[in-house]
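# Tertiary structure, described
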Amino acid sequence: MIFTELSNQLTSSMDEVSLNTEPVGDDDADDFEVVGDCAMTEYVGQTGIIQNPLPPAVGMEFETYDDVYYFYNCYAKEQGFGVRVSNTWYRKSREKYRGKLSCSSAGFKKKSEANRPRPETRTGCPAMIKFRLMETKRWRIIEVELEHNHLLSPRSGKFYKSHKHIGIGTKRTLQLDSAEEVQKIRLFRTLIIDTEGNGNVDVNGVFGNNVNSSNQLKLKPGDAQAVQSFFCRLQLTDPNFFNVVDLNEKGCLRNLFWTDTRSRVAYRYFGDAVLIDTTCLTERYDVPLVSFIGVNHHGQSVLLGCGLLASETIESYTWLFRAWLTCMLGRSPQTIITDQCRILQIAVGDVFPRAYHCFSLSCIMQKIPEKLQGLFEYEAIRVALHRAIYHSLRPEEFEAAWEDMIQRHGIKDHGWIQTLYEDRKRWAPVYLKEAYLSGVFSFLQNEVSTSYFEGYLDKNTPLKEFLDKYDQALRANYQLEALADMDSRNSSCIHKPRCYYEFQLSKPYTNEMLRKFQTEVEAMYSCYSTKHVSADGPITYIVKEEFEVGSNEKDSRAFDVLYNASDLEVLCVCGLFNFRGYLCRHILCVLNQSGVQEIPSQYILSRWRKDVKRSYVLDHSCSGIDIKNPVHRYDDLYKRIVQVVEEGRQSQDRYKVTLQALDEILNKLHLVEDHQV
């Protein structure tokens, strides 16, 4: 049942024809009605039922028309009513583009002239859903009415035609490749996230291994059991473990997302800038891993979530990003960094429209040999490209250096060079000085980003081996953070501070961040001859920095620094504060010359502080759960009930107490439902 792009392209709006008995909105054309259960009962019979489905909600999306019917019919069977297709709208090409499903008691029968007419069984029930084909090629529920005007009896066993081929207790089975791999995995809590982040469906599905298309996750023999063990282990040891599974139209596993308590809490502290690492997909690793990475208070990488994707498609990335954002309670990062990729650009723009989207400079620089090495004068081109990127302070300087490079070396028409230039505002440092990057973005020459799973995952690592090493990789990174915490608490890396700025930050900042700041303090003494340019509004200073260019040669360079004395606001053209999260040597020089004895408080960031108590325990009392959101309600209740199950299974006495308590809860819930009705 889940969501993929339809292969057929939508025809233009000129081709749309409303063929219905009940015009809706702007759909007004010739009428045509399809009534009854059609052939979709056979489809339902082939795929089984969804167990305990949640009610339909506006915004839920499905891959096909039949999938919508399948979902609503399973929900209807659970609630105790039948389903009829009230209306189907077609284009001139006979392609469906809109539909309406109703309770089987909707409307009234036509009056019969027979001597013994059949008794009226319909009640004009208003319960229904309306759905339509969107530009994304998915079918979206656009209107829902859940209330019936007649009694529902889920346990009465009443037969409805639409339920004809639904077997009792059957599950949707997936294609398995071999007899040896017929182990099936129960997905304990599968949430289906739509592209708007609305609604969810509870599915008890199963999946097998080894698939042959980009629409299915490729699992080798043994992978199915490995995934089962992996999720069971994480779920039992972590009540707040969160996972989402995406199945294709055949019920086969397509995409997967998961994250644990520590990652979810870490996002609250370090979720301002996030790197989405897709290296494993682009480099065709055996494990198609996508990682969400942040930077902690020591400048170390921190894991914020993982996913496995069947392919690099807009839909797969959109699904994954929606799942991750839902898990993080809808709070988007300020900045997102990805590889340079059109598909990623579209997906990020759709899911995180307010985030500043950057392309990873280190990934771009690593591609230079592959993209340009065959060119004549490759080494000269490489040097010129580095000079344009790393030596430009202003956009006009970058533009001039770029133009000189392509003209001098005759590479104006080179495809990759053209693409780089078109995307320059997403990766060139001169254009990113207003984006807050908190050390996630590598902008210095020869700076290379490493994978969070470095040493545990390479191109040929099997999925089973990676899952076995997953906990080990996490523990290694957690240990590095714990050791750095201990080092920062017990000692300071400064013994004799050279200025008060250094002493000031030695108290709150972690040792690693203090060492990086020390580099700027030391270089401050290489800055000289600041010059006051203007006194109208913010003051502009020209700070000249002297540096060595050879064994016995020195050179200098000028940096503009804007300083507003009244608000203690300061901005340097080098942009180091937004890139790294601490003040640069040029600003320190201006503050020092201006008699500012302390670094202004707005430039001392809490994310680098060692005196902030960071507890990696999910606090439900302040988790910001939106009780109006069914996904949040489900997730919160599930986490709490898992704890009850763990306690109740430990002994027969506890088991009996748990059953009694659950029965009491259900009775109270039924009373609440009766009161609401």
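Residues numbered from 1 in each chain as written. Predicted model: local features only at pLDDT ≥ 70, side-chain atom pairs only at ≥ 80, totals over all residues. Heavy atoms only, no water.

## Structural notes on the overall build of the protein
Definition in use: Numbered from the N terminus, helices here are DSSP runs of H or I no shorter than four residues, and strands are runs of E no shorter than two. Each residue is placed in one exposure class: buried if its accessible area under a 1.4 Å probe, protein chains only, is under 20% of its type's maximum, exposed if it is over 50%, and partly exposed if it falls in between. Contacts are assigned to residue pairs that have any heavy atoms within 4.5 Å of one another. In this description, accessible areas are obtained by the Shrake-Rupley approach with a 1.4 Å probe, and a residue is regarded as covered only by the protein chains that are shown.
Secondary structure summary: the protein contains 20 helices and 18 strands in total. Counting the 677 residues in the protein, one finds 51% classified as buried. Once local pairs closer than 6 in sequence are excluded, the contacts in the protein between residues at least 24 apart make up 65%. In the structure as shown, the protein presents an accessible area of about 33,400 Å², 50% of it carried by carbon and sulfur atoms.

## Overview of the packing of aromatic side chains
Definition in use: Only Phe, Tyr and Trp rings are paired, with Trp represented by its six-membered ring, and only when their centres lie within 6.5 Å; those with planes under 30 degrees apart are stacked, over 60 edge-to-face, the remainder tilted. We call a charge positioned above a ring when the Lys NZ or Arg CZ atom is no farther than 6 Å from the ring centre and deviates by at most 35 degrees from the ring normal.
This structure, assessed with the given rule, holds 33 aromatic pairs. Considering the side-chain rings of Tyr267 and Trp324, the 5.1 Å spacing of their centres and the 80° angle between planes classify their relative orientation as edge-to-face. Placement of Tyr267 in helix α4 (residues 261-270) and of Trp324 in helix α6 (residues 314-327) is noted, with a sequence separation of 57 residues between them. The exposure class of Tyr267 is buried, given its relative accessible area of 2%. The buried category is assigned to Trp324, whose relative accessible area is 1%. An aromatic cluster is present here, built from Phe230, Phe231, Phe241, Trp258, Tyr452, Phe453, Phe466 and Tyr470 joined pairwise through their rings. Directly above the ring of Phe359 sits Arg426, whose terminal nitrogen or CZ lies 5.9 Å from the centroid.

## A closer look at a nonpolar patch on the surface
Condition: In this analysis, a patch consists of residues with relative accessible area above 30% that form no salt bridge, clustered at 9 Å for like charges and at 5 Å for the nonpolar side chains Val, Leu, Ile, Met, Phe, Trp and Tyr. Whenever Lys or Arg places a side-chain nitrogen within 4 Å of a carboxyl oxygen from Asp or Glu, that contact is recorded as a salt bridge.
There is a patch of nonpolar side chains on the surface, built from Ile641, Val644, Val645, Leu662, Ile665, Leu666 and Leu669 and spanning about 540 Å² of accessible area. Those elements that place two or more of their residues in the nonpolar patch are α19 (630-648) and α20 (652-676). In this structure, Leu662 sits in helix α20.

## Comments concerning the side chain of Arg585
Examined against the element boundaries, Arg585 turns out to sit in helix α18 (residues 585-593). When sequence neighbours within four positions are dropped, the list of residues in contact with Arg585 reads Thr519, Glu520, Ala523, Met524, Cys527 and Glu545.

## Focus on the environment of Leu344
Counting through the fold element by element, Leu344 comes out in helix α7 (residues 342-351). C-alpha of Leu344 to C-alpha of Thr313: the two residues are 31 residues apart in sequence and 8.4 Å apart in space. The contact partners of Leu344, leaving out residues within four places of it in the chain, are Thr278, Tyr317, Phe321, Thr338, Asp339 and His357.

## Some points on the nonpolar core
Heads up, the condition is: In these notes, a set of buried Ala, Val, Leu, Ile, Met, Phe, Trp, Tyr and Cys residues joined through side-chain atoms within 4.5 Å is what counts as a nonpolar core.
Counting residues in each nonpolar core, the largest one holds 104 residues, and the members touching the most others are Trp258, Leu289, Phe398, Trp402, Trp427, Phe453 and Tyr470. In terms of residue count, helix α10 (residues 378-390) provides more of this core than any other element does, 7 residues in total. The next biggest cluster of nonpolar side chains, apart from the first, holds 33 residues, and it includes Leu309, Leu320, Ala347 and Val348.

## Considerations on α7
Residues lying three or four places apart along an α-helix face the same way, a consequence of the helix completing one turn every 3.6 residues. In plain terms, the rule: What the arc measures is the spread of directions leading from the helix axis to the C-beta atoms.
Every buried residue belonging to α7 is among Leu344, Ala347, Val348 and Val351, and all of these are buried. Along the long axis of α7, the arc covered by the buried residues comes to 100°, so they all point the same way. The elements touched by buried residues of α7 are α6, β13 (335-338) and β14 (356-359).

## Here's the deal with the sheet that holds strand β9 (residues 253-259)
Selection criterion: Only strands joined by at least two bridges in the DSSP assignment are considered to pair. As a rule, the C-alpha atoms of each element are fitted with a line to give its axis, helices using only the stretch in contact, and angles between N-to-C directions run from 0 to 180 degrees.
Pairing is mixed across the open sheet formed by 7 strands, whose spatial order is β8-β9-β12-β11-β10-β13-β14. If you trace the sheet from one side to the other, it starts and ends with β8 (242-247) and β14, each paired once. Adjacent strand axes in the sheet meet at a mean angle of 20°, parallel and antiparallel pairs treated alike. Sheet analysis places strand β11 (residues 289-295) next to strand β12 (residues 301-309), joined by 7 bridges and oriented antiparallel. Bridged to Gly294 within β12 is Val302. Sitting on the sheet, helix α3 (residues 223-237) is in contact with β8 and β9, with an inclination near 25° to β9. Against the sheet, α4 makes contact with β8, β9, β10 (273-277), β11 and β12, and its axis sits at roughly 125° relative to β12, the strand it touches most.

## Quick word on helix α12 (residues 415-422)
Inspection of α12 places Trp416, Ile417 and Leu420 among the buried residues, and these make up the whole buried set. One face of α12 carries all of its buried residues, which in axial projection span an arc of 100°. On its buried face, α12 is in contact with α8 (361-366), α9 (368-372), α11 (395-409) and α13 (424-427).

## Observations regarding the pattern of salt bridges
For the structure on display, the rule yields 31 salt bridges. Two residues, Arg254 and Asp246, come together in a salt bridge whose shortest N-O distance is 3.0 Å. Each member of the pair, Arg254 together with Asp246, is buried. In this structure, Glu522 engages Arg498 in a salt bridge whose closest nitrogen and oxygen atoms are separated by 3.8 Å. Of this pair, Glu522 sits in helix α16 (residues 511-524) while Arg498 sits in the loop between α14 (463-490) and α15 (500-506), placing them 24 residues apart in sequence. Taken together, the shared-partner salt bridges connect Glu61, Arg138, Arg140 and Glu315 into one network.

## Observations regarding the pairing of strand β4 (residues 128-133)
Where burial is concerned, most of β4 is hidden: 6 out of the 6 residues are buried. Of the two faces of β4, the one holding Met128, Lys130 and Arg132 and the one holding Ile129, Phe131 and Leu133 are both buried throughout. Strand direction decides the pairing type here: strand β3 (residues 96-103) and β4, joined by 5 bridges, are antiparallel. Across the sheet, residue Arg98 finds its bridge partner in β4, namely Arg132. Where β4 folds back on strand β5 (residues 139-145), the antiparallel hairpin that results is connected by 5 residues, among which Lys137 adopts a positive phi of roughly 70°.

## Examining unusual backbone geometry
Phi at Arg94 takes a positive value of approximately 70°, unusual for a residue other than glycine. Structurally, the position occupied by Arg94 is in the loop between β2 (83-90) and β3. In this structure Arg94 comes out as partly exposed when scored by relative accessible area, which is 47%. Positive phi values are uncommon outside glycine, yet Glu377 reaches one of about 65°.

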